[in-house]
Amino acid sequence: LALSLSPLHRPSFSPSASLTRHGSFSLSKLSMSLHISANFDAGNIIVNEVSGNEAQLSLRKEPFTEGTDNKSHSQWFYFKASNLDTNAVTSFSIGGLLECSYPSAWPGYKVAASYDRDQWFRIQETTYDEQKGILRWTVTPKQSQIFFAYFAPYSYERHMDLIA
């Protein structure tokens, strides 16, 4: 169910899903369902589907490289998963990786994760299906939100903190 506002600004719910241009997605009441967002500095993911404790994702192509080599590159992801159930396993998958910029990087790769965007660790429960080009991982989170990335990001926000 997607959140929408009525003319009186009271929340109402419709049976359709909602996907914003910034990559935020939720399938049911925002306070109770898995929510994926890349709407922050350096965030990058496309949400294809969220159902229960499972999210199916894909990489967003980098449009700014089209002018330099006539090719859209994709390899990087960085997103936040929130409204997580700390008593349940949550599964994530990123598909379409056979078409990414460097598909040979995925075998043996482990997703980077962080609860605070400062301390990062690798998700050991990461697998890659080389035939289908799908990266999968599971986590039983210790907190209700967690960040995932291709590697620990060094965002512009962090850069500004360093030089401030």
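Since the model is a prediction, treat every value here as computed from it, not as a measurement.

1. Observations concerning the overall build of the chain
Stage number 1. When helices and strands are tallied, the chain shows 2 helices and 14 strands.
Stage number 2. Here the chain holds 164 residues, and 37% of them are scored as buried.
Stage number 3. When contacts within the chain are restricted to residue pairs at least 6 apart in sequence, long-range pairs at least 24 apart make up 59% of them.
Stage number 4. Surface summary for the chain: the accessible area is close to 9,600 Å², and the carbon and sulfur share equals 52%.

2. Some points on a nonpolar patch on the surface
Stage number 1. Together, Tyr 154, Tyr 156, Met 160, Leu 162 and Ile 163 make up an exposed nonpolar region whose accessible area comes to about 560 Å².
Stage number 2. As for its position among the elements, Tyr 154 is in the loop between strand S14 (146-149) and helix H2 (156-163).
Stage number 3. For Tyr 154, a relative accessible area of 46% translates into the label partly exposed.

3. Overview of the confidence of the model for the chain
Stage number 1. Per-residue pLDDT for the chain has a mean of 81; in total, 76% of the residues score no lower than 70.
Stage number 2. Ignoring residues within four places in sequence, the model shows residues 1-22, a span with pLDDT below 50, making 37 contacts including any to other chains.
Stage number 3. Long-range and interchain partners of residues 24-31, a stretch whose pLDDT sits below 50, account for 35 contacts in this model, where long-range means more than four residues apart.

4. Here we look at the packing of aromatic side chains
Stage number 1. Tallied over the entire structure, the rule returns 21 aromatic pairs.
Stage number 2. Judged by centre distance (6.3 Å) and plane angle (45°), the rings of Tyr 78 and Phe 147 are tilted. With Tyr 78 in strand S8 (residues 78-82) and Phe 147 in strand S14, the pair connects residues that are 69 residues apart, well separated along the chain. The same class applies to Tyr 78 as to Phe 147, namely buried.
Stage number 3. Between Trp 106 and Tyr 150 the ring centres are 5.2 Å apart and the planes differ by 70°, which places this aromatic pair in the edge-to-face class. One end of the pair, Trp 106, is in the loop between strand S9 (90-95) and strand S10 (112-114); the other, Tyr 150, is in the loop between S14 and H2, and 44 residues separate them in sequence. Note on accessibility: Trp 106 and Tyr 150 belong to one class, buried.

5. Comments concerning the nonpolar core
Stage number 1. Counting residues in hydrophobic clusters, the biggest one holds 35 residues, and the most contacted among them are Ile 36, Phe 77 and Phe 148.
Stage number 2. Mapped by element, the contributors of at least two residues to this core are strand S6 (46-51), strand S7 (54-58), S8, S9, strand S13 (134-139) and S14.
Stage number 3. When residues in this core are grouped by element, the largest group, 4 residues, is from S14.
Stage number 4. Here Phe 148 is in contact with Phe 77, Tyr 78, Phe 79, Ala 81, Phe 92, Val 111, Ala 112, Ala 113, Trp 120, Ile 123, Trp 137 and Val 139, once residues within four sequence places are set aside.

6. A short note on the sheet that holds S13
Strand pairing in a sheet relies on backbone hydrogen bonds, with the paired strands running either antiparallel or parallel.
Stage number 1. Taken in spatial order, the 5 strands make up an open sheet running S6-S7-S9-S13-S12, and their pairing is mixed. Only two strands of the sheet have a single neighbouring strand rather than two, namely S6 and strand S12 (126-129). Averaged over all pairs of adjacent strands, the angle between their axes in this sheet comes to 20°, without regard to strand direction.
Stage number 2. Across 5 bridges, S6 lies against S7 in antiparallel orientation. Across the sheet, Val 50 pairs through a bridge with Ala 55, a residue of S7.

7. Regarding the pairing of S9
Stage number 1. Of the strand pairs in this sheet, S7 and S9 are connected by 5 bridges, and their pairing is parallel. Within S9, the position partnered with Leu 57 by the bridge is Ile 94.
Stage number 2. Two elements, S9 and S13, share 5 bridges in a ladder whose sense is antiparallel. The residue of S13 that forms the bridge with Ser 93 is Arg 136.

Conventions we followed
Residues numbered from 1 in each chain as written. Predicted model: local features only at pLDDT ≥ 70, side-chain atom pairs only at ≥ 80, totals over all residues. Heavy atoms only, no water. Helix = DSSP H or I, 4+ residues; strand = E, 2+ residues; numbered from the N terminus. Buried < 20%, exposed > 50% of the residue type's maximum accessible area, 1.4 Å probe, protein only. Contact = heavy atoms within 4.5 Å. Areas by Shrake-Rupley, 256 points an atom, 1.4 Å probe, with all protein chains shown as cover. Patch = residues over 30% accessible without salt bridge, like charges linked within 9 Å, V, L, I, M, F, W, Y side chains within 5 Å. Salt bridge = Lys/Arg side-chain N within 4 Å of Asp/Glu carboxyl O. pLDDT = per-residue confidence, 0-100. Phe/Tyr/Trp six-rings, centres within 6.5 Å; stacked < 30°, edge-to-face > 60°. Core = buried A, V, L, I, M, F, W, Y, C linked by side-chain atoms within 4.5 Å. Pairing = 2+ DSSP bridges. Axes fitted to C-alpha atoms, helices over the stretch in contact; angles between N-to-C directions.

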